[in-house]
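Letter by letter, the chains look like this.
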Amino acid sequence: AQTVTQSQPEMSVQEAETVTLSCTYDTSESDYYLFWYKQPPSRQMILVIRQEAYKQQNATENRFSVNFQKAAKSFSLKISDSQLGDAAMYFCAYRRWGSNYKLTFGKGTLLTVNP
Amino acid sequence: GAGVSQTPSNKVTEKGKYVELRCDPISGHTALYWYRQSLGQGPEFLIYFQGTGAADDSGLPNDRFFAVRPEGSVSTLKIQRTERGDSAVYLCASSSLASDTQYFGPGTRLTVL
């Protein structure tokens, strides 16, 4: 069974600074997807970024980028120029390759952004 | 277009009662998922529908939990004889057949007293 581990229960960052959230996972499969979701107090899970395991290039979405290390089974999220609106729970998630499989989530990291 | 909607937003019930939680997916999305998120945890998979049928119900914790999607759109998660341990946020997500992205609703917070 696949597992996802987020070892940082809480992180904090100063506004405009950069922060990195860690995620490791365990799988025996070679093809899969990895995701970072953001969950603000409204409870709505919002997709931040995704990575296909077969792609060597790290995904980037504006201020959000990942460091995907397939051999190490590591998938960290870097948030640049942090904004107050980035404050939320962040979840790392794994999904098997192919359509419509369940997501396996980590326990989450609570990010606080200090003004 | 409209996102995934869930009703009610909050539900408080007494131990032993029956509850129904509703999910209305994004129009045209054939896949629908239910997850349960306990306090301080990440969401955990419950069940997945492809169309009207349950393609994977391996996450349902016991036979008190049941879900239906009779017309391939709206889904209802049903919990019988609720227990205090069922208290959690129940999240619904949907995706299209060709998509690898699940879109989530705002969840229903269930509290069992």
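Structure report, in brief. Since this is a predicted model, take the numbers as computed values, not measurements. (Residues numbered from 1 in each chain as written. Chains lettered and ligands numbered in written order. Predicted model: local features only at pLDDT ≥ 70, side-chain atom pairs only at ≥ 80, totals over all residues. Heavy atoms only, no water.)

1. Describing the overall build of chain B
Counting secondary structure elements, chain B contains 0 helices and 11 strands. Start at the N end of chain B and walk to the C end: the helices and strands fall as β-β-β-β-β-β-β-β-β-β-β. Here the C-alpha atoms of chain B give a radius of gyration of 13 Å, agreeing with the 13 Å that 2.2 N^0.38 yields for 113 residues. If you line up chain B on its principal axes, its C-alpha atoms span 40 × 25 × 25 Å. Counting only residues that meet the buried cut, chain B has 46% of its 113 residues in that class. Residue pairs at least 24 apart in sequence account for 53% of intrachain contacts in chain B once pairs closer than 6 positions are excluded. Of the roughly 5200 Å² that chain B leaves accessible, carbon and sulfur atoms contribute 49%. Across chain B, the mean location of the 11 positive side-chain charges is 8 Å away from that of the 11 negative side-chain charges. (Helix = DSSP H or I, 4+ residues; strand = E, 2+ residues; numbered from the N terminus. Rg over C-alpha atoms; globule rule 2.2 N^0.38 Å. Buried < 20%, exposed > 50% of the residue type's maximum accessible area, 1.4 Å probe, protein only. Contact = heavy atoms within 4.5 Å. Areas by Shrake-Rupley, 256 points an atom, 1.4 Å probe, with all protein chains shown as cover. Lys, Arg positive; Asp, Glu negative; His and termini not counted. Charge placed at Lys NZ, Arg CZ, Asp CG, Glu CD.)

2. Describing the interface of chain A and chain B
At the interface, 21 residues of chain A touch 31 residues of chain B. Across the chain A to chain B interface the summed buried area is about 1900 Å²; carbon plus sulfur atoms make up 43%. On the chain A side of the interface with chain B, the three residues burying the most area are Arg43, Asn100 and Lys102 of chain A, jointly 38% of the side's total. Applying the counting rule to chain A against chain B returns 10 residue pairs in polar contact (both at pLDDT 80 or more). If you list the elements that add at least two residues to the side of chain A that touches chain B, you get strand E5 (32-39), strand E6 (46-52), strand E10 (88-96) and strand E11 (103-105) of chain A. The dominant element in the side of chain A that touches chain B, judged by the number of residues it contributes, is E5 of chain A, at 4 residues. Looking at the side of chain A that touches chain B residue by residue, the classes come out as 9 nonpolar, 6 polar and 6 charged. (Buried area = accessible area lost by both parts, 1.4 Å probe. Polar contact = N/O pair within 3.5 Å; in protein donor to acceptor, adjacent residues only side chain to side chain. Nonpolar A, V, L, I, M, F, W, Y, C, P; charged D, E, K, R; others polar.)

3. Concerning the nonpolar core
The biggest cluster of nonpolar side chains holds 25 residues, and the ones touching the most others in it are Tyr25, Trp36, Phe75, Leu77 and Tyr90 of chain A. Listed by contribution, the elements that provide at least two residues to this core are strand E3 (19-21), E5, E6, strand E8 (64-69), strand E9 (74-79), E10 and strand E12 (109-114) of chain A. Of the residues forming this core, the biggest block, 4 residues, is contributed by E10 of chain A. The residues contacting Leu77 of chain A, other than those within four sequence positions of it, are Val19, Thr20, Leu21, Trp36, Val48, Ile49, Phe64, Ser65, Val66 and Tyr90 of chain A. In terms of nonpolar packing, the next biggest core, distinct from the first, is built from 20 residues, Ile26, Ile47, Leu77 and Ile79 of chain B among them. (Core = buried A, V, L, I, M, F, W, Y, C linked by side-chain atoms within 4.5 Å.)

4. A word on the side chain of His29 of chain B
All names here are of chain B. With respect to the element layout, His29 can be found in the loop between strand E3 (19-24) and strand E4 (31-37). The exposure class of His29 is buried, given its relative accessible area of 13%. Separated by 2.8 Å, the side chains of His29 and Ser94 make a polar contact. Once you skip the residues sitting within four places of it in the chain, His29 turns out to touch Arg69, Gly72, Ser94, Ser95, Ser96 and Tyr103.

The values reported here are purely geometric and, on their own, carry no functional implication.
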